[in-house]
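The chain contents come next:
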Amino acid sequence: MKKGSPPSAAAITAHLDRGWELLERGDLDKAEASGKRALGLDEQGPEALTLLGSVASARGERDDALAWYERAMTADPDYVSPILYAAELQLDEEGDVNEALRLIALALDAAEEEEEYLDAQLLKVEALLVAERDDEARDALAELPPQELPEAGFHLRAARCWLDLERLDEAEQHFQKAIALDAQAADAHHGLGMVYELREDERAKARAWLRVRELDLDADAPPWGITQEEFEQLAESALAELPERMRTLLENVPILAADYPSIEVVAEGFDPRMLGFFSGVPYPEKSSVGGAPQLDCVFLYQRNIERMARSRDEVAKEIRITLLHETGHFFGLDEDELTEIGLG
C-alpha cells in the first residue's frame, strides 16, 4: 500500500476472516493478532473491535470483552453482532439480565436481515427464561415465523427453549426440523433423547442417544484436546487434592479415563454426553458383614469433558470437577448435595 493511500478493504477483510477462523480453532493469540492488524488499518472498524471482544470473551476476560463490544457499538450503532455478543455475556452468572434485555431490544430495532432478527428474538427468549419470566418467553417464542427457519441452529435453540418450558411437543417438532436441515446435528438428536426421557419412552431415548454416540465419535476432537496421558495426569492431580482419609477409602476404586461411554452403557439409557460415571455401591451403603463383593469404578469421559471446555485450562478444570463429583457419589452424596458444595 502506498504511503498516504486509504487502507485496503480487502486487506482488512482478509485479517478479519483469518481472525474468526483462528478463534473458532481456539488459537486465541493468533486470532487477537489478526484482529489488531485489522484494527491498525481501520481504528474504528466495528468488525475488528467485535473480533477482539470475542477473543477476550473466549479467554474469560469478561470486562475487557464488554469494553471492546461497547467500542464497536459506538463505532456503528446499527451493527448487530456486538450488541448480541454483549447481551450474551450479560446472561452469565456475573451479568445483569435486565441489561441483556435492553441490549436485545436495541438489536431487534437494528436488525435488517432475517437471520439477525431470529438471532435477537431467540436470545430474547433465552434471557426471559434466565429471568424466570416464562409466560413472556412463551409469547416471544410464538412470534417466531411458523415456517421452517433458515438454519438448523435456529430450530435447535427454539427447541431447547420449548424444552425448558416443558412443552415437549413443540420441542420435538423443532428438534426434528433441525435434523431435517442437518441430519448430522448431534445436538438435535441429543435433545430428542431428552424429550423421550421426560416422556419415559426408554426405547426411543436409547435410539436417539445411540445416534448421538455415533455422531460424536465421528466428529473431530476440538483444538484444545489433550492426549490421554495428559488427561490421566490431570485426573491424578485432582485426586491428590482429596483429604488423606478419602484417598485411602478410594484406593480400591479404579479411576478410569475412557474416550466415551460404551455402547452398552448408552443402550441402558445413560446420557452419552455425561462427563463421568460412578459404577458400584456408595461407601455408606456397603455391608460390613460380608456378602457378594461389589466392583466399584469411576469413569471419566475425555471427549465429553473436552466438548464442555473452550480451552486447555477449562479441560483441566472440568476434569477436576467431574472427578470430585463422581467420587462424591462413592461417598454417598446425591446430586443436590453435590450442587450445594459447587460440584453439581
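Note that the structure is predicted; figures quoted are calculated from it, not measured.

Asks: Which residues make up the packing of aromatic side chains, and what are the values?
Replies: One pass over the structure, following the stated rule, counts 4 aromatic pairs. On the numbers, 6.5 Å between centres and 50° between planes, the contact of Trp20 with Tyr85 is tilted. Placement of the pair is Trp20 in helix H1 (residues 9-24) and Tyr85 in helix H5 (residues 80-89), with a sequence separation of 65 residues. Between Phe270 and Phe277, the ring centres sit 4.9 Å apart and the planes meet at 65°, which makes this aromatic pair edge-to-face. One aromatic cluster is present, formed by Trp20, Tyr69 and Tyr85 through successive ring pairs.

Asks: Go over the sheet that holds strand S1 (residues 255-258), please, and point to the residues and values.
Replies: If you trace the 3 strands from one edge of the open sheet to the other, you get S1-S3-S2, paired in mixed fashion. Of all the strands in the sheet, the pair left with one neighbour each is S1 and strand S2 (276-279). Across the sheet, the mean angle from the axis of one strand to that of its neighbour is 20°, orientation sign disregarded. On top of the sheet, helix H13 (residues 228-240) reaches S1 and strand S3 (297-301); it is set at about 150° to S1, its chief contact. Docked against the sheet, helix H17 (residues 312-330) engages S1, S2 and S3, running at close to 155° with respect to S3.

Asks: For the nonpolar core, give the residues involved together with the corresponding values.
Replies: Counting 72 residues, the largest nonpolar core has Val125, Leu141, Phe175, Ala188 and Val195 as its most contacted members. If near-sequence neighbours (up to four positions away) are discounted, Val195 is found in contact with Leu163, Leu168, Ala171, Glu172 and Phe175. Counting residues in each nonpolar core, the second largest holds 20 residues, with Ala235, Leu250, Val253 and Phe330 among its members.

Asks: A description of the confidence of the model for the protein chain should follow, citing residues and the corresponding values.
Replies: Note that predicted coordinates carrying low pLDDT should not be read in detail. Within the protein chain, residue pLDDT values average 90, and 91% of them lie at 70 or more. Scored below 50 in pLDDT, residues 289-293 makes 0 contacts in the model with residues more than four places away or belonging to other chains.

Asks: Tell me what's going on with the pattern of salt bridges, and back it up with residues and numbers.
Replies: By the definition in use, this model includes 24 salt bridges. The salt bridge partner of Arg62 is Asp92, with a shortest N-O separation of 2.8 Å. You can see Arg62 sitting in helix H4 (residues 62-75) and its partner Asp92 sitting in the loop between H5 and helix H6 (97-110), a full 30 residues away along the chain. The salt bridge partner of Asp259 is Arg303, with a shortest N-O separation of 3.1 Å. Here Arg303 lies in helix H16 (residues 302-308) and Asp259 lies in the loop between S1 and helix H15 (263-267), a separation of 44 residues in the sequence. A network of salt bridges, in which partner residues are shared, links Arg160, Asp187, Asp216, Arg273 and Arg307.

Asks: Account for the environment of Ala14, with residues named and values stated.
Replies: Topologically, Ala14 is positioned in helix H1. Look at Ala14 and you get partly exposed, because its relative accessible area is 45%.

Asks: Explain the packing of helix H2 (residues 28-41) against helix H3 (residues 46-58) to me, and be specific about the residues and the numbers.
Replies: Geometry of a packed helix pair, given as the angle between the helix axes and the separation of the axes. Contact pair H2 / H3: the axes reach a minimum separation of 8 Å and the direction vectors enclose 160°. In terms of their interaxial angle, H2 and H3 are classed as roughly antiparallel. Seen along the crossing, H2 lies across H3 with a hand that is left-handed. Of the residues in H3, those in contact with Leu28, Ala31, Glu32, Gly35, Lys36, Ala38 and Leu39 of H2 are Ala48, Leu49, Leu51, Leu52, Val55 and Ala58. Here the contact of H2 with H3 is composed, by residue class, of 10 nonpolar, 1 polar and 2 charged.

Asks: A description of helix H10 (residues 168-181) should follow, citing residues and the corresponding values.
Replies: Spacing of three or four residues puts side chains on the same side of an α-helix, whose turn is 3.6 residues. Across its 14 residues, H10 extends 20 Å between first and last C-alpha, which sits within 8% of the 20 Å expected from 1.5 Å per residue. Restricting attention to buried positions, one finds in H10 the residues Leu168, Ala171, Glu172, His174, Phe175, Ala178 and Ile179. Buried residues of H10, viewed axially, fall in a sector of 165°; they line one side.

Asks: Mind laying out the side chain of Thr50, listing which residues take part and the relevant values?
Replies: Residue position: Thr50 is located in helix H3. At a separation of 2.7 Å, a polar atom in the side chain of Thr50 contacts the main-chain carbonyl oxygen of Pro46. If we ignore the near neighbours within four places in the chain, the residues touching Thr50 are Trp20, Tyr69, Ala72, Tyr79, Ser81, Pro82 and Tyr85.

Asks: Kindly report on H13, identifying the contributing residues and their values.
Replies: The terminal C-alpha atoms of H13 lie 18 Å apart, and with 13 residues this matches the ideal 18 Å at 1.5 Å per residue to within 8%. Among all positions in H13, only Phe231, Ala235 and Ala238 are buried. Burial along H13 is one-sided: seen end-on, the buried residues are contained in an arc of 60°. Away from its buried face, by an angle of more than 90 degrees, H13 presents the exposed residues Glu229, Glu236 and Ala240. Packing partners of the buried residues in H13 comprise S1, S3, H16 and H17.

Asks: Give a description of the pairing of S3 that names residues and reports values.
Replies: As a general feature of sheets, a regular strand has side chains that alternate between the two faces. A large share of S3 lies buried, amounting to 4 of its 5 residues. As paired strands, S1 and S3 are joined by 4 bridges and run parallel to one another. Bridge pairing links Ile255 to Val298 in S3. Sheet analysis places S2 next to S3, joined by 4 bridges and oriented antiparallel.

Conventions used here
Counting restarts for each chain, with residues numbered from 1 along the sequence as it is written. Local features in this predicted model are restricted to residues of pLDDT 70 or higher, and side-chain atom pairs are both shown and tallied only at a pLDDT of 80 or more, whereas totals for entire chains, interfaces and linings draw on every residue. Heavy atoms throughout the structure, all of them, feed into the side-chain values; hydrogens and water do not. Stacked, tilted and edge-to-face are the three classes applied to pairs of Phe, Tyr and Trp rings, where Trp contributes its six-membered ring and a pair requires centres within 6.5 Å; stacked means planes under 30 degrees apart, edge-to-face means over 60, and tilted covers the rest. For the purposes of this entry, the term helix denotes a DSSP run of H or I that reaches at least four residues, the term strand denotes a run of E that reaches at least two, and both are numbered from the N terminus. Strand pairing is assigned whenever DSSP identifies at least 2 bridges connecting the two strands. Note on definitions: angles span 0 to 180 degrees between N-to-C directions of axes, and those axes are lines fitted to C-alpha atoms, for helices only across the stretch in contact. Throughout, a residue-residue contact means that at least one pair of heavy atoms, one from each residue, lies within 4.5 Å. By convention a nonpolar core is built from buried Ala, Val, Leu, Ile, Met, Phe, Trp, Tyr and Cys residues, the set being connected through side-chain atoms within 4.5 Å. The classification of residues rests on relative accessible area computed with a 1.4 Å probe and restricted to protein chains. Under 20% of the type maximum is buried, over 50% is exposed, and intermediate values are partly exposed. In predicted models, pLDDT denotes the confidence assigned by the predictor to each residue on a 0 to 100 scale. Definition used for salt bridges: Asp or Glu carboxyl oxygen within 4 Å of a side-chain nitrogen of Lys or Arg. Should an angle fall under 35 degrees it is called roughly parallel, over 145 degrees roughly antiparallel, and 65 to 115 degrees roughly perpendicular, with every other angle called oblique. By convention, the crossing between two helices is left-handed when the near helix turns anticlockwise from the far helix through less than a right angle, and right-handed when the turn is clockwise. Note on residue classes: Ala, Val, Leu, Ile, Met, Phe, Trp, Tyr, Cys and Pro are nonpolar, Asp, Glu, Lys and Arg are charged, and everything else, Gly too, is polar. Any helix carries an expected span of 1.5 Å times its number of residues minus one. Taken from the helix axis, the directions to the C-beta atoms give the arc we talk about. For the purposes of these results, a polar contact is taken to be a pair of N or O atoms within 3.5 Å, where, inside protein, one atom must be able to donate a hydrogen and its partner to accept one; residues adjacent in sequence count only when each atom of the pair is a side-chain atom.

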